[in-house]
Amino acid sequence: MKVIILILLYFVLTVGYYLLFSTVGLIFGATYLQCIQDYVWAFIYFLFIHWWLVIISLREYYVKHIKPLP
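Residues numbered from 1 in each chain as written. Predicted model: local features only at pLDDT ≥ 70, side-chain atom pairs only at ≥ 80, totals over all residues. Heavy atoms only, no water.

*Asks:* Explanation requested: the overall build of the protein chain in the structure shown.
*Replies:* Each helix and strand in the protein chain was counted, giving 3 helices and 0 strands. Taken from the N to the C terminus, the helices and strands of the protein chain come in the order α-α-α. The C-alpha atoms of the protein chain give 15 Å as radius of gyration, which overshoots the globular expectation for 70 residues (11 Å, by more than 25%). Judged by the C-alpha coordinates and their principal axes, the protein chain covers about 50 × 20 × 15 Å. (Helix = DSSP H or I, 4+ residues; strand = E, 2+ residues; numbered from the N terminus. Rg over C-alpha atoms; globule rule 2.2 N^0.38 Å.)

Laid out in structure tokens, this is it:
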């Protein structure tokens, strides 16, 4: 059950962070829908930002709930 929660958290954080960081495009005059549909932004997010941001966020859950005690 804990692993299923970890997987669900991974997907929720992936989508949540993508939508959160897509708001930066509003500063440059684009609409929010244009920002979240931009392939270049999605590529940059998933290649450079996504993997370390989500892993750092999930590490605390992993250490607290899944990692076996010594």
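*Asks:* How should I be thinking about helix 3 (residues 39-66) in this particular structure?
*Replies:* Its 28 residues give helix 3 an end-to-end C-alpha distance of only 35 Å, which falls more than 12% under 40 Å, the value for a rise of 1.5 Å per residue. The principal kink in helix 3, of about 55°, is found at Ile 49. Restricting attention to buried positions, one finds in helix 3 the residues Trp 41, Ala 42, Tyr 45, His 50, Leu 53, Val 54, Leu 58 and Tyr 61. Tucked into the core, helix 3 has its buried residues touching helix 1 (2-22) and helix 2 (32-37). (Expected span 1.5 Å × (residues − 1). Bend = angle between axes of the 7 residues up to and from the residue. Buried < 20%, exposed > 50% of the residue type's maximum accessible area, 1.4 Å probe, protein only. Contact = heavy atoms within 4.5 Å.)

Geometric descriptors of this kind do not, in isolation, establish any biological role.
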